[in-house]
Amino acid sequence: MRAYNRFDVAVGNAFLRVAGPLHAWIYEKSKGRFGRRLLGAPVGNLICTGAKSGKERTIPLLMLEVGDNVVIVASKGGFPEHPAWYFNLLANPDCRVQLGDSVRDMTARLADDDEREVLWPKLDAMYRYYRAYRKRAGLTGRTIPIFVLEPRG
């Protein structure tokens, strides 16, 4: 396994710029009937506020429900940089999550080291490629962040 090079990153980012909004739109309009699974893992929409733009952003992501919380991973497929939504949540932790036809108000926080140790096996069981993403990201010195989204209010 090798780290992604600049060409890999450029192609991947171009794909995400097109596929992400399309998937989010289909998921939203179908109330989660279409696009709710990716390789067997559950998908939902994260609705957050842009860190720089202040505009609402909707991103389809793999989501693990743990009790009332929702866990999301800023893996970006093991790319050397964090996804833009990672910075959005750091700047504006109040967000919403659409799972199926339900939309919930949430507040995001980064998982601490103890939580990460408990969550990674659950996340790996949900989506088998997370191990490879961590390994690839690690080749560039990046640690993949995990967010815990907790119900607001």
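Our subject is the structure that appears above.
A quick note: this is a predicted structure, and the numbers were derived from the prediction, not measured.

Participant: Please provide a residue-by-residue account of the overall build of the protein chain, values included.
Facilitator: When you go through the protein chain residue by residue, the secondary structure sums to 4 helices and 8 strands. For the protein chain, the α and β elements follow one another from N to C terminus as α-β-β-β-β-β-α-β-β-α-α-β. Its C-alpha radius of gyration of 15 Å places the protein chain within 12% of the 15 Å reference for a compact globule of 153 residues. Considered along the principal axes of its C-alpha atoms, the protein chain spans approximately 40 × 35 × 35 Å. Evaluated residue by residue, the protein chain yields a buried proportion of 42% over its 153 residues. Residue pairs at least 24 apart in sequence account for 66% of intrachain contacts in the protein chain once pairs closer than 6 positions are excluded. In the structure as shown, the protein chain presents an accessible area of about 8,700 Å², 54% of it carried by carbon and sulfur atoms. Charged side chains of the protein chain number 24 positive and 16 negative; the gap between the two group centres comes to 10 Å.

Participant: Please set out unusual backbone geometry residue by residue, giving values where relevant.
Facilitator: One non-glycine residue with positive phi stands out, namely Leu39, at about 50°. Tracing the backbone shows Leu39 in the loop between β1 (37-38) and β2 (41-49). On the accessibility criterion, Leu39 (61% relative accessible area) is exposed. In this structure, Lys76 takes a positive phi of about 45° despite not being glycine. Here Lys76 lies in the loop between β5 (69-73) and α2 (84-91).

Participant: I'd love a proper account of the environment of Ser53, names of residues and values included.
Facilitator: Along the polypeptide, Ser53 turns up in the loop between β2 and β3 (56-62). Taking relative accessible area as the criterion, Ser53 reaches 38% and is therefore assigned partly exposed. Along the chain, Ser53 and Gln98 lie 45 residues apart, while their C-alpha atoms are 22 Å from each other. A polar contact is formed between the side chain of Ser53 and the backbone nitrogen of Lys55, at a distance of 3.0 Å. A distance of 3.2 Å separates a polar atom in the side chain of Ser53 from a polar atom in the side chain of Arg57.

Procedures and definitions
Residues numbered from 1 in each chain as written. Predicted model: local features only at pLDDT ≥ 70, side-chain atom pairs only at ≥ 80, totals over all residues. Heavy atoms only, no water. Helix = DSSP H or I, 4+ residues; strand = E, 2+ residues; numbered from the N terminus. Rg over C-alpha atoms; globule rule 2.2 N^0.38 Å. Buried < 20%, exposed > 50% of the residue type's maximum accessible area, 1.4 Å probe, protein only. Contact = heavy atoms within 4.5 Å. Areas by Shrake-Rupley, 256 points an atom, 1.4 Å probe, with all protein chains shown as cover. Lys, Arg positive; Asp, Glu negative; His and termini not counted. Charge placed at Lys NZ, Arg CZ, Asp CG, Glu CD. Polar contact = N/O pair within 3.5 Å; in protein donor to acceptor, adjacent residues only side chain to side chain.

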